[in-house]
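Okay, here's what each chain looks like letter by letter:
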Amino acid sequence: MNYTSTRNASLRFSSSHCFVQGISEEGGLFVPESFPVFSEREIAALADVPYSERAFRLLSRYLTDFSAKELRSCIAGAYGTAFDTPAVCPLRKLDGKTFVMELYHGPTLAFKDVALQILPHFLRIAKQKEGVSDTILILVATSGDTGKAALEGFADVDGMAIAVFFPNQGVSRMQQLQMTTQEGKNVFVCAVNGNFDDTQTGVKEIFTSPDVRAKLQEKHIRLSSANSINWGRLVPQIVYYFSAYADLLRENEIASGQPVDFVVPTGNFGDILAGYYAKRMGLPIRKLVCASNKNRVLTDFFETGVYDANRAFFKTASPSMDILISSNLERLLFELSGRDDAFVSDLMRQLKETGQYRLPDVMHRALTETWEAGCADEAQTARAIRDAFDRFGYCIDTHTAVGYAVQARRASDVPTVLLSTASPYKFPRAVLSAVEGTAPEDEFAAADRLAQLGVPMPDAIANLHDKAIRHKTVCEKATMAQAVLSWEGETL
Ligand SMILES: *Cc1c(COP(=O)(O)O)cnc(C)c1O
């Protein structure tokens with residue numbers, strides 16, 4: 001399998017190259033040259049095997065430059081013991097046709113662990129294959145969960161370093177503490193005065209600055225990305241769509257070949273795009289439902305065909321979805337346009353220059369065949385948490401609740417899987433206020449109260465309270481590059 005770029009479809013690279021490089025030189029995103037297709041029989045056979053084997057069968061079709069032994073070692077390293085259940089991404093039945101896939105059983109309690117536990121293993125092997133002896137410095141802009149998941153994956157990995165930027169006051173207290181208490185000799189964590197889009201733009205500017213690259217090159221350091229634009233982030237996420245389907249088959253909830261819907265709380269469009277890739281690979285997915293919070297830029301895009309980032313930015317109780325520029329949408333545009341790199345380049349230029357673009361009508365109409373979109377404001381999100389708790393005795397986090405609210409309004413008789421993207425313990429005050437109408441000021445007190453209500457507290461939260469804060473740096477968007485350069489000078 002080779003990979004090309006959404007902005008230059010004449011390029012051809014191995015997966016190792018894409019992992020190490022992160023983003024294509026002209027700014028495009030790496031995409032597989034084609035989608036390997038799984039037959040109905042191959043899909044049915046996944047029902048009988050554990051998650052690690054499901055991962056192996058799917059990933060080996062994409063990472064064809066990895067040997068079976070290498071790939072199995074990556075999978076064992078990522079999913080062997082780091083998740084608190086052997087199912088890795090367990091499915092739970094809510095009612096007759098609604099299921100929740102819990103993606104938060106990894107060390108940082110958000111779905112991003114599924115990809116970020118395996119990415120360092122991919123990179124370690126890809127580095128060898130590409131003959132890269134330089135240290136790889138992973139740069140991350142985070143809206144909350146990516147940062148911690150990347151830190152946890154990359155801390156103290158030989159030959160790698162990691163720098164994480166998060167929007168100051170743009171993440172929950174638990175998220176912030178998870179990051180600022182991170183241990184490891186190769187980690188840098190910095191708050192940026194601005195919102196997530198400022199932070200993400202700042203990181204992109206560091207990547208494209210020849211000056212920064214030259215300075216790092218002198219020290220044998222090269223940059224890569226662990227943001228969801230990296231192919232190594234996306235490809236492990238395809239696995240759990242197949243895994244959910246395999247679980248439904250195993251539990252006799254569906255018959256082989258029967259279509260299902262997936263509802264996905266969405267921000268940067270990585271998670272749901274993996275679902276689209278799964279569909280292209282033959283998984284019987286009928287609809288992909290894109291659920292947004294009050295920052296409803298994607299809902300509007302699917303409804304009108306106009307992507308318009310020129311709008312007020314809202315801070316919500318689901319901060320990991322507070323995004324106005326959903327980077328991975330570029331990959332969908334590439335497929336939608338019949339892999340027209342010039343078309344994609346033009347839309348991305350318009351987005352950069354004017355903050356918006358419009359899809360041609362035929363393309364917009366084609367979207368509705370597979371895609372649905374909906375959004376939930378803050379009150380609807382809170383009501384969803386309350387509703388799930390009252391009806392099913394089931395506690396969901398603020399991001400999952402956005403998907404729950406959108407699903408509750410749909411009229412569909414197709415079995416539906418809602419992706420649960422974070423543990424409620426990452427946002428205990430917001431969750432508790434939704435459930436009980438009130439919550440203590442302190443996040444940890446709120447967490448204790450959730451535990452009293454019978455929601456099992458993960459060890460990662462219980463241990464966080466007493467950890468020392470190790471990272472206190474704050475910078476401006478304009479001084480992010482400087483912050484990286486002065487840090488690596490001290491540390492590497
Ligand atoms: C990152 C994140 C999302 C959004 O996922 P995307 O891949 O960016 O669309 C949703 N929920 C949680 C908890 C997240 O951490």
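Residues numbered from 1 in each chain as written. Predicted model: local features only at pLDDT ≥ 70, side-chain atom pairs only at ≥ 80, totals over all residues. Heavy atoms only, no water.

Q: Sorry if this is basic, but what is going on with the side chain of Ser24 here?
A: Mapped onto the secondary structure, Ser24 falls in the loop between α1 (15–21) and β3 (30–32). Engagement of the side chain of Ser24 in a polar contact is seen with the side chain of Glu26, the distance being 2.7 Å. Residue contacts for Ser24: discarding those within four places in its chain leaves Ser5, Leu11 and Phe30. (Helix = DSSP H or I, 4+ residues; strand = E, 2+ residues; numbered from the N terminus. Polar contact = N/O pair within 3.5 Å; in protein donor to acceptor, adjacent residues only side chain to side chain. Contact = heavy atoms within 4.5 Å.)

Q: Help me understand the site of the ligand, please; the structure alone is not making it clear to me.
A: Near the ligand, the surroundings consist of 15 residues, among which Lys112, Asp145, Gly267, Asn268 and Thr421 are the closest. A distance of 2.9 Å is found between an oxygen atom of the ligand and a backbone nitrogen or oxygen belonging to Asp271. Residue Ser320 places a side-chain N or O atom 3.5 Å away from an oxygen atom belonging to the ligand. Split by residue class, the shell around the ligand holds 5 nonpolar, 7 polar and 3 charged. (Near = heavy atom within 4 Å. Nonpolar A, V, L, I, M, F, W, Y, C, P; charged D, E, K, R; others polar.)

Q: I'm lost on the nonpolar core in this one. Help?
A: Side chains of nonpolar character tend, in soluble globular proteins, to be buried together. Ranked by size, the top nonpolar core spans 110 residues in total, and within it Phe122 and Phe262 carry the most contacts. A per-element tally of this core places helix α11 (residues 231–250) first, with 13 residues. If we ignore the near neighbours within four places in the chain, the residues touching Phe262 are Met101, Tyr241, Ala244, Ile285, Lys287, Leu288, Val289, Val417 and Leu419. Counting residues in each nonpolar core, the second largest holds 40 residues, with Ala291, Ile385, Phe389 and Ala439 among its members. (Core = buried A, V, L, I, M, F, W, Y, C linked by side-chain atoms within 4.5 Å. Buried < 20%, exposed > 50% of the residue type's maximum accessible area, 1.4 Å probe, protein only.)

Q: Even after reading the chapter, I still don't get the pattern of salt bridges, so can you show me in this structure?
A: Taken as a whole and judged by the stated rule, the model has 28 salt bridges. Among the ionic pairs, Asp300 bridges to Arg311, the shortest N-O distance being 2.9 Å. Of this pair, Asp300 sits in helix α13 (residues 297–304) while Arg311 sits in the loop between β12 (306–308) and α14 (329–336), and the two are 11 residues apart along the sequence. The exposure class assigned to Asp300 is buried, which follows from its relative accessible area of 16%. Look at Arg311 and you get partly exposed, because its relative accessible area is 28%. A salt bridge links Arg410 to Glu372, with the nearest nitrogen and oxygen atoms 2.8 Å apart. Taken together, the residues Arg410 in the loop between α18 (398–408) and β15 (416–420) and Glu372 in strand β14 (residues 371–375) connect sequence positions 38 residues apart. Exposure remark for Arg410: the relative accessible area of 15% places this residue in the buried category. Its relative accessible area of 26% is what places Glu372 among the partly exposed residues. (Salt bridge = Lys/Arg side-chain N within 4 Å of Asp/Glu carboxyl O.)

Q: Looking at this structure, how should I read the packing of helix α17 (residues 378–392) against helix α19 (residues 428–436)?
A: The geometry of a pair of packed helices is captured by two quantities: the angle between their axes and the separation between those axes. Direction vectors running N to C along α17 and α19 enclose 65°, while the axes themselves pass 8 Å from each other. In this view, α17 runs roughly perpendicular relative to α19, as classed from their interaxial angle. Helix-helix and strand crossings are classified by hand; for α17 and α19 the assignment is right-handed. Touching Ala382, Ile385, Arg386 and Phe389 of α17 are Val431, Ala434 and Val435, all from α19. Tallied by class, residues from the contact of α17 with α19 come to 6 nonpolar, no polar and 1 charged. (Axes fitted to C-alpha atoms, helices over the stretch in contact; angles between N-to-C directions. Parallel < 35°, antiparallel > 145°, perpendicular 65-115°, else oblique. Left-handed = near helix turned anticlockwise from the far one by under 90°.)

Q: I would appreciate a short explanation of the pairing of strand β7 (residues 160–167) in the present structure.
A: The two faces of the sheet receive side chains in turn, since in a regular strand these alternate between them. Counting buried positions along β7 yields 8 of 8 residues, so the element is predominantly enclosed. Here β7 shows no split at all, with Met160, Ile162, Val164 and Phe166 on one side and Ala161, Ala163, Phe165 and Pro167 on the other all buried. Pairing analysis gives 6 bridges linking strand β6 (residues 135–141) to β7, with the strands arranged parallel. Looking at the pairing, Val140 lines up with Val164 of β7. As for the winding sense of the linkage, the β-α-β connection from β6 through helix α7 (residues 145–154) to β7 is right-handed. Direction of pairing for β7 relative to strand β8 (residues 187–193): parallel, over a ladder of 6 bridges. For Phe166, the partnering residue across the bridge sits in β8 and is Ala191. (Pairing = 2+ DSSP bridges. Right-handed = clockwise from strand over helix to strand, strands pointing away.)

Q: Any chance you could explain the sheet that holds strand β1 (residues 3–5) here in plain terms?
A: Paired through backbone hydrogen bonds, the strands of a sheet run either parallel or antiparallel to each other. The sheet built from 3 strands is open, its strands ordered β2-β1-β3 with antiparallel pairing. Each having just a single partner strand, β2 (8–13) and β3 make up the two edges of the open sheet. Put simply, the sheet's adjacent strands are angled 40° from each other on average, direction ignored. Here β1 pairs with β2 via 2 bridges, running antiparallel. Bridging across to β2, Tyr3 finds its partner in Phe13.

Q: Honestly, helix α20 (residues 443–452) in this entry has me stumped. Any pointers?
A: In an α-helix, one full turn covers 3.6 residues, which means residues spaced three or four apart are oriented alike. Of the residues making up α20, those classed as buried are Glu443, Phe444, Ala446, Ala447 and Leu450. Burial along α20 is one-sided: seen end-on, the buried residues are contained in an arc of 155°. The inward-facing, buried residues of α20 abut α8 (173–180), α19 and α21 (459–464). Structurally, the start of α20 carries an N-cap: the backbone nitrogen of Phe444 is 3.2 Å from a side-chain oxygen of Asp442. Remark: Gly454 follows α20 within two positions and exhibits a positive phi of approximately 100°. (Arc of directions from axis to C-beta.)

Q: Is there a simple way to think about the pairing of strand β11 (residues 285–292) in this case?
A: Within β11, 7 of the 8 residues are buried, which leaves the element mostly enclosed by the surrounding structure. Looking at chain direction, strand β10 (residues 260–265) and β11 are connected through 5 bridges and run parallel. Directly across from Val260, in β11, lies its bridge partner Ile285. This β-α-β element, β10 to helix α12 (residues 270–280) to β11, shows right-handed connectivity. Where β11 lies against β14, 5 bridges are found, and the strand directions are parallel. Its bridge partner being in β14, Ser292 is matched across the sheet by Cys375.

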